[in-house]
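Chain residues, written in single-letter form:
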Amino acid sequence: MRARIDRYQPSEIEPRWQARWDELGLHRADLADTTRPKFYLLTMYAYPSGDLHIGHWYITTPTDAIARFHRMHAENVFMPIGFDAFGLPAENAAIKNRVNPRTWTMKSIDKMRVQLRSMGASFDWSAEVITCEPDYYRWNQWLFLEFLKAGLAYRKKSAVDWCPNDGTLAREQVEGTDRHCWRCGAKVEKRELDQWYLRVTRYADELLDFNGLGWPDPIRIMQTNWIGRSEGAEVTFTTAPSAHHAGGEPLGVFTTRPDTLFGATFMVLAPEHPLLGALTAPERKAEVEAYLTQAAARTEIDRLAADREKTGVALGADAINPVNQARIPIFVADYVLGSYGTGAIMAVPAHDERDFDFATRFGLPIIKVVMPSDGDPDAALTSAFVEHSADEVLVNSGPFSGRPAADAFGEIVAWLEQHDAGKPTVTYRLRDWGFSRQRFWGTPIPVIHCERCGIVPVPAADLPVLLPENVDYAGSGVNPLTRDLAFLNVTCPSCGGPAQRESDTMDTFMDSSWYWFRYLSPHKDDGPIDPAMVARWTPVDQYTGGAEHAVMHLLYAREVTKMMRDIGLVEQGEPFLRLFNQGQILGADGERMSKSRGNVQDPDDLVARYGADTIRLFLMFMGPWDQGGSWSPTGIGGVHRFLNRVWTLALDPQGLEGGDPDSGKLPAGEDRAAAERSIRMAAHRTLRAVTEEYTGFRFNTMVAHLMELANTLFRYRGSEVANGPAWDEAIRLLLLMLAPATPHVADELWNRLRAEAGLPESTIHRESWPAVDDTATAAELREVPIQVNGKVRDRITVPAGIDQAELERLVLARDRVREVLGGRTPDRVIHAGGRLVNLVVRES
RNA sequence: GCCGAAGUGGCGGAAUGGCAGACGCGGCGGACUUAAAAUCCGCUGUCCGCAAGGGCGUUCGAGUUCGAAUCUCGACUUCGGCACCA
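Residues numbered from 1 in each chain as written. Chains lettered and ligands numbered in written order. Predicted model: local features only at pLDDT ≥ 70, side-chain atom pairs only at ≥ 80, totals over all residues. Heavy atoms only, no water.

## Quick word on the sheet that holds strand E31 (residues 791-799)
Step number 1: In space, the 4 strands of this open sheet follow the order E31-E30-E33-E32, with mixed pairing throughout. For this open sheet the edge positions go to E31 and strand E32 (828-831), each flanked by a neighbour on one side alone. Sheet twist, expressed as the average angle between the axes of neighbouring strands with direction ignored, equals 20 degrees.
Step number 2: In the packing of helix H25 (residues 804-812) onto the sheet, contacts are made with strand E30 (781-788), E31, E32 and strand E33 (837-840), and the angle to E31 comes to roughly 125 degrees. (Pairing = 2+ DSSP bridges. Helix = DSSP H or I, 4+ residues; strand = E, 2+ residues; numbered from the N terminus. Axes fitted to C-alpha atoms, helices over the stretch in contact; angles between N-to-C directions. Contact = heavy atoms within 4.5 Å.)

Right under this line is the structure:
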């Protein structure tokens, strides 16, 4: 009997190796080193919610494998981590317990640091950034003041959801169709507030350009649609005189279909339109106001829902169409948004679904102005005609009747320009960034309101504007800064008179919109970034993070980078060269993991039971990384078993333990040399596949390939080739391939084998990624499936280099093929690049 | 509703125009054991058949193709985002 080997005990191995890697400084990037190619690997930093759940592991551990894979390619890898530490959850916890959110946040961070380390993730902790620390958020303030100076920030009135007890509410804090406050249940109102905006629409066109970026198509499409560029025209209608109104005011509408201008039969203003009051006839006032109240209670999603029945109210006023002087009635309806275009539309029911619905509902005329060239201009429409094909012509359009629709667009716009009644315009769905939050737990916006001087920026020398330490939440969500007189009352930096600080804080998306620059010089105290480091290390080479950030965070990050470029701070306008969005891990119930749902999987328990390596590998093995899925621990045992099998292969190649009846023998038909060739072929084919899978982030199939290799090696365990040169090479490759994914057990086995060979300790994570030996992977024979009419009926084994004619001859000579053909001759023979032969015969 | 994605055995999934179900879980059987656990080996889509073999089968319905899980069109279901959750 053999000597007993140690059992695989992750709880002993993992902390030991984590400490060893720390001692070696393995994960510290040398930012000044220019001798190796740099690789800036960024994963979305964590929100310190208090507990790391399995979703954090799902994001982090494959990213760590990427880092380690790149280090094995002699790259200088920088993989920092930090905490996105401002935000509502801390504030909510603070309100509940009436404590400073800082206390709650810092406690969470301390816990999460320990958990993150337990993953064995190779973060460079020396670069850690915590956004709620003054040495980070002072630079938010600094950047804001620079944006202000550059005209990129401005103030505008806009509406927020407002609870009389809790102040401004986030969308998720408004509940139910009756729209009540989640905390106190009060009815939610809209309130107009002066707020800060960042002029990100300036970058709309530039943001549409993804040239040179390796971003997934779906994300690019979503961002493109979010930006929503529409080419069209602004058309100036005029208000008609009426009993209550002098008329004659210009009233601009935006349309993407100026070619349908003659079909406009009414006009619709958004409930937010500034001219509403002036245009409404006295007898309609009550009805219109009631409608506005109703509209204010609706969400934008609800307002835009195409299947909702259209609502609206006539104002009792008309507008005059510049092309034909037609008087059309003006309505207010909530399917038009104040924030888009001019907040007013000309309604062409014949050629727009929404206008068609509205016209049908309100009995308004529908005039057809575009139709196929062979159409009937008088036939009634049963739905809006919105086709865009080459052979359409205008009808009922005065001098433009008969013109091809494609040309009419330009011709009518030209006519409008000549008559000073309109111009070509591009409109975007993208809006400027509403930047103000009526919250405590964020970066104070560094401006002072002075009665005499107006808005005065806080002088750079006075930054940071610190959040007070003693906060009184009074049990409500109203920003305690608004009650903190010591914070609010200041002297005006400009005139020295009494003045008040702004109590609003910044959207926390600001924090996450430049943090990767700060990682490069986290402690720099005379500027937000280190230009030399930024020039050398950015853009980020690879960014990884959840797909739920597809639009917002990833767009804000691009916008802020461009703003930083425009104030001369950085050179490039794009932050992330390559992007990979993982799917989300949902709870076992298929819902998003959250404490309130009680479906959070705590990884600490799993680590205690299986070790970090097993969990890392299991998360990679679960399925494609971009797909996520419901959490289920089913199958984790299989991955753990695999690591145990690797352990056994490495330390006990000769073992006869276990009841394998074939143990000790070579597989049938193989001699020693054939067995060694088989082992080498398996190992090098696996290496080739695994290298490709790591490169393409296909971790699930990467793991499957490694499992297959282990299964192959088990067939030879205990035989005369076990522990031979081919075997030893295969084990060595197996460990190197595992090193990025399961770093602890790979290093442990690597070093146990080194010790057996009398070599000193040397971490596997400083080894180079091995090269494939092409001579080992080439096969002499190949199996080719034979189909008859697309169904596999036989298979044939042929020499690898066989030519088509010879293959066809062998195929047709097969008994089985002749039997299936039953005397028929194939009409066609398809050779699918040597992978398959398909014999096509006519069915009798 | 709009934008994006996904739907394949009992389960997670593989195959992205060429052998459907790799790999793993679960299940069944065997070896080892006084026994159990652990470990090792084998079988495992479904129906018909003693077998050889055959039929059916990738959410549903049409289509393109010698050949479709994969491409096209139309539905259904689920997930992500929709601008104050991060």
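## A look at helix H23 (residues 743-756)
Step number 1: Here H23 contains 14 residues, and its C-alpha end-to-end distance of 20 Å stays within 8% of the 20 Å for a straight helix at 1.5 Å per residue.
Step number 2: Taken together, the buried positions of H23 are Pro743, His744, Val745, Ala746, Asp747, Glu748, Leu749, Trp750, Asn751 and Arg754.
Step number 3: Directly beyond the C-terminal end of H23, a positive phi value near 80 degrees is found at Gly758. (Expected span 1.5 Å × (residues − 1). Buried < 20%, exposed > 50% of the residue type's maximum accessible area, 1.4 Å probe, protein only.)

## With respect to unusual backbone geometry
Step number 1: Here the bond from Leu463 into Pro464 is cis, since omega is -5 degrees, no more than 30 degrees from zero.
Step number 2: Mapping Pro464 onto the fold places it in the loop between strand E22 (454-457) and helix H13 (485-488).
Step number 3: Looking along the chain, the bond that leaves Thr538 and enters Pro539 is cis, with omega of 0 degrees.
Step number 4: Among the secondary structure elements, Pro539 is positioned in the loop between helix H15 (531-537) and strand E26 (540-546).
Step number 5: In this structure, Asp420 takes a positive phi of about 60 degrees despite not being glycine.
Step number 6: Note that Asp420 resides in the loop between helix H12 (405-418) and strand E18 (422-428).

## Thoughts on the pairing of strand E21 (residues 447-450)
Step number 1: The pairing of E21 with E22 spans 4 bridges and is antiparallel. Paired with Cys450 across the bridge in E22 is Gly454.
Step number 2: In this antiparallel pair of consecutive strands, E21 and E22, the connection spans 3 residues.
Step number 3: Across 3 bridges, E21 lies against strand E24 (residues 498-501) in antiparallel orientation. What sits directly across from Ile448, in E24, is Arg501.

## Some thoughts on the packing of aromatic side chains
Step number 1: As enumerated under the stated definition, the model contains 41 aromatic pairs in all.
Step number 2: Ring plane angle 45 degrees and centroid distance 5.5 Å describe the contact between Phe86 and Tyr137, whose orientation is recorded as tilted. Highlighted residues: Phe86 in the loop between strand E3 (80-83) and helix H3 (88-97) and Tyr137 in helix H5 (residues 134-149), separated in sequence by 51 residues.
Step number 3: On the basis of relative accessible area, Phe86 is assigned to the buried category, the value being 1%.
Step number 4: Residue class for Tyr137 comes out buried when judged on its relative accessible area of 2%.
Step number 5: Aromatic ring contacts, followed pair by pair, group Tyr45, Tyr515, Trp516, Phe517, Tyr519, Tyr543 and Phe576 into a single cluster.
Step number 6: Taking the ring centre of Trp21 as reference, the NZ or CZ of Arg68 above it sits at 4.6 Å.
Step number 7: Its guanidinium or amino end placed over the ring of Trp215, Arg558 lies 5.6 Å from that ring's centre, counting from NZ or CZ. (Phe/Tyr/Trp six-rings, centres within 6.5 Å; stacked < 30°, edge-to-face > 60°. Lys NZ or Arg CZ within 6 Å of the ring centre and 35° of its normal.)

## Notes on the domain arrangement of chain A
Step number 1: Split by domain assignment, chain A resolves into domain 1 (10-138 + 509-597), domain 2 (140-215 + 433-506), domain 3 (229-428), domain 4 (603-776) and domain 5 (779-840).
Step number 2: Computed over C-alpha atoms only, the centres of domain 1 and domain 4 are separated by 30 Å.
Step number 3: Every contact between the two is made by 45 residues of domain 1 and, on the other side, 45 residues of domain 4.
Step number 4: With both sides pooled, the region where domain 1 packs onto domain 4 buries about 3800 Å², and carbon together with sulfur makes up 67% of that total.
Step number 5: Considering only the surface of domain 1 that becomes buried against domain 4, Trp17, Phe69 and Met72 emerge as the three largest contributors, covering 19% of it. (Domains from an automatic or database assignment. Buried area = accessible area lost by both parts, 1.4 Å probe.)

## Some points on the side chain of Gln438
Step number 1: Here Gln438 lies in the loop between strand E20 (436-437) and E21.
Step number 2: Separated by 2.6 Å, the side chains of Gln438 and Thr168 make a polar contact.
Step number 3: There is a polar contact of 3.1 Å between the side chain of Gln438 and the side chain of Asp504. (Polar contact = N/O pair within 3.5 Å; in protein donor to acceptor, adjacent residues only side chain to side chain.)

## Examining the sheet that holds E22
The strands making up a sheet associate through hydrogen bonds between their backbones, and the pairing can be parallel or antiparallel.
Step number 1: Strand order across the open sheet formed by 4 strands is E22-E21-E24-E23, with antiparallel pairing between neighbours. Each having just a single partner strand, E22 and strand E23 (489-491) make up the two edges of the open sheet. On average, adjacent strands in this sheet sit at an angle of 40 degrees to one another, irrespective of strand direction.

## Comments concerning the environment of Ile95
Step number 1: In this fold, Ile95 is placed in helix H3.
Step number 2: Taking the C-alpha atoms as reference, Ile95 lies 7.6 Å from Ala474; in sequence the two are 379 residues apart.
Step number 3: Not counting the four nearest positions on each side in its chain, Ile95 is found in contact with Arg183, Tyr473, Gly475, Ser476 and Gly477.

## Side note on the protein's contact with RNA strand B
Step number 1: Within the structure, RNA strand B sits among 68 residues, and Asp84, Arg641, Asn700, Arg795 and Arg816 are positioned closest to it.
Step number 2: The contact atoms of RNA strand B, taken as those within 4 Å of the protein, divide so that sugar and phosphate hold 66%.
Step number 3: In this structure, a base nitrogen belonging to RNA strand B sits 2.8 Å away from a side-chain N or O atom of Gln438.
Step number 4: Note that a phosphate oxygen of RNA strand B is positioned 2.6 Å from one of the side-chain N or O atoms of Asn700.
Step number 5: Element by element, the count of residues in the surface near RNA strand B is highest for helix H21 (residues 699-716), at 7 residues. (Near = heavy atom within 4 Å.)

## So, the packing of helix H19 (residues 636-651) against H23
Step number 1: Where H19 meets H23, the axes come as close as 10 Å, and the angle between the chain directions of the two elements is 10 degrees. Considering the angle they form, H19 stands roughly parallel to H23. Where H19 abuts H23, its residues Leu643, Val646, Trp647, Ala650 and Leu651 lie against Val745, Glu748, Leu749, Arg752, Leu753 and Glu756.
Step number 2: Taken together, the residues of the contact of H19 with H23 break down into 8 nonpolar, no polar and 3 charged. (Parallel < 35°, antiparallel > 145°, perpendicular 65-115°, else oblique. Nonpolar A, V, L, I, M, F, W, Y, C, P; charged D, E, K, R; others polar.)

## Some thoughts on the environment of Leu88
Step number 1: Looking at where Leu88 falls in the secondary structure, it is placed in helix H3.
Step number 2: Sequence spacing of Leu88 and Pro444 is 356 residues, and the spatial spacing of their C-alpha atoms is 15 Å.
Step number 3: If sequence neighbours within four positions are ignored, Leu88 has contacts with Tyr47, Ala170, Glu172, Gln173 and Arg439.

## Remarks on the nonpolar core
Step number 1: Formed by 178 residues in total, the largest nonpolar core has its most connected members in Phe144, Trp514, Trp516 and Met564.
Step number 2: Ignoring anything within four residues of it in the chain, the contact list for Trp514 reads Tyr136, Trp139, Asn140, Leu143, Pro528, Ile529, Val560 and Met564.
Step number 3: Judged by nonpolar contacts, the second largest core, of 48 residues, contains Val253, Leu315, Ala347 and Leu416. (Core = buried A, V, L, I, M, F, W, Y, C linked by side-chain atoms within 4.5 Å.)

## Section: the packing of H3 against helix H4 (residues 101-118)
Step number 1: In contact at an axis separation of 8 Å, H3 and H4 are set at 120 degrees when each is read in the N-to-C sense. If you check the angle between H3 and H4, you find them oblique. Where H3 crosses over H4, the two elements pack in a sense that is right-handed. Across the interface between the two elements, Pro89, Ala90, Glu91, Ala93 and Ala94 from H3 touch Pro101, Trp104 and Thr105 from H4.
Step number 2: Of the residues in the contact of H3 with H4, the class split is 6 nonpolar, 1 polar and 1 charged. (Left-handed = near helix turned anticlockwise from the far one by under 90°.)

## Observations regarding helix H20 (residues 672-695)
Step number 1: With 24 residues, H20 ought to run about 34 Å at 1.5 Å a step, and its terminal C-alpha atoms sit 35 Å apart, in line with that.
Step number 2: Of the residues flanking the start of H20, the one acting as N-cap is Asp671, its side-chain oxygen 3.3 Å from the backbone nitrogen of Ala673.
Step number 3: Where H20 ends, the next residue or the one after it, Phe697, has phi of about 60 degrees, a positive value.

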